[in-house]
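A structural walkthrough
Listed here are the chains, written in short residue letters.
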Amino acid sequence: MRRAVCPGSFDPITNGHLDIIGRASRLYDVVHVAVMINQSKKGLFEIDERIELIREVTAEFGNVQVESFHGLLVDFCKQRDIPAIVKGLRAVSDFDYELQMAQMNIGLSGVETLFVPTNPTYSFLSSSLVKEVAAWGGDVSHLVPEPVLAALGDRLRRK
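Residues numbered from 1 in each chain as written. Predicted model: local features only at pLDDT ≥ 70, side-chain atom pairs only at ≥ 80, totals over all residues. Heavy atoms only, no water.

Going by what an unreviewed UniProt entry lists, the protein is known as Phosphopantetheine adenylyltransferase and is assigned to Streptomyces wadayamensis. The UniProt entry for the protein carries the following text under Function (unreviewed entry): "Reversibly transfers an adenylyl group from ATP to 4'-phosphopantetheine, yielding dephospho-CoA (dPCoA) and pyrophosphate." For the record of the protein, the UniProt heading Subcellular location (unreviewed entry) holds the text "Cytoplasm". (UniProt positions renumbered as here; feature names shortened; annotations may be inferred.)

See the structure below:
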């Protein structure tokens, strides 16, 4: 079975993330979405909420598994026998950082990294930008799936 992982914080998952996950799901038999746990950062959504939202919006792909991880991504990959990491690149500035990570990952464990150019529609998109625009009342309905939009609106109303 061909397996890959799409890692990230996904706070929240955006249409850009979904584009990369969906494209990876057509190339691999199983795509693991690894939701990063960073104890030093307080996200808008709890890890379990992110996982549930991702499961809901990726269910249509049929071959996506979602779980959390903390520590080194290569350890996550080794524990699950995943030989490839799929990362979306929005701009050249992403490539500079991601290339260093890819070189470190292959050096540490032999796990390959495949870079997928982001659909130009989403080249500016980030979870941080979505949260900021939504917090100021901006329309992000075209940037996130409907379940995420509803959860985002609910969370921001309660804050």
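What follows continues from the structure just given.
Structural notes on the environment of V111
If you trace the backbone, V111 turns up in the loop between α4 (92-109) and β5 (112-117). Assessed through its relative accessible area of 5%, V111 is described here as buried. The spacing of V111 and P83 is 28 residues in sequence and 5.0 Å in space, taken between C-alpha atoms. (Helix = DSSP H or I, 4+ residues; strand = E, 2+ residues; numbered from the N terminus. Buried < 20%, exposed > 50% of the residue type's maximum accessible area, 1.4 Å probe, protein only.)

Quick look at the nonpolar core
The tendency in soluble globular proteins is for nonpolar side chains to be buried side by side. If you look at the biggest cluster of nonpolar residues, it comprises 33 residues, and the most contacted ones within it are I13 and V86. When residues of this core are traced back to their parent elements, those giving at least two are β1 (3-8), α1 (15-27), β2 (30-36), α2 (47-58), β3 (64-69), β4 (84-89), α5 (127-135) and α6 (146-158). In terms of residue count, α2 provides more of this core than any other element does, 5 residues in total. Listed in part, the 10 residues of the second largest apolar core include L73, I82, I85 and V111. (Core = buried A, V, L, I, M, F, W, Y, C linked by side-chain atoms within 4.5 Å.)

With respect to the pairing of β4
Most of β4 sits inside the fold, with 5 of its 6 residues counted as buried. Across 2 bridges, the pairing between β1 and β4 is parallel. When the bridges of β4 are listed, V5 appears paired with I85. In terms of strand pairing, β4 meets β5 through 6 bridges, oriented parallel. (Pairing = 2+ DSSP bridges.)

What about the pattern of salt bridges?
Under the counting rule described, the total for this entry stands at 12 salt bridges. Note that D19 and R23 form a salt bridge whose closest N and O atoms lie 2.9 Å from each other. With a gap of 4 residues between them, D19 and R23 both fall in helix α1, about one helical turn apart. Beyond isolated ion pairs, a larger network of salt bridges with shared partners links D11, R50 and K131. (Salt bridge = Lys/Arg side-chain N within 4 Å of Asp/Glu carboxyl O.)

Quick notes on the sheet that holds β2
One open sheet holds the 5 strands; their spatial order is β3-β2-β1-β4-β5, and the pairing between them is parallel. Here the strands that pair on one side only, and so sit at the sheet edges, are β3 and β5. The mean inter-strand angle of the sheet, taken between neighbouring strand axes irrespective of direction, is 30 degrees. Here α1 sits on the sheet in contact with β1, β2, β3, β4 and β5, set at roughly 120 degrees to β5. Strand contacts of α2: β2 and β3, with the helix running at about 170 degrees to β3, the strand carrying the most contacts. (Axes fitted to C-alpha atoms, helices over the stretch in contact; angles between N-to-C directions. Contact = heavy atoms within 4.5 Å.)

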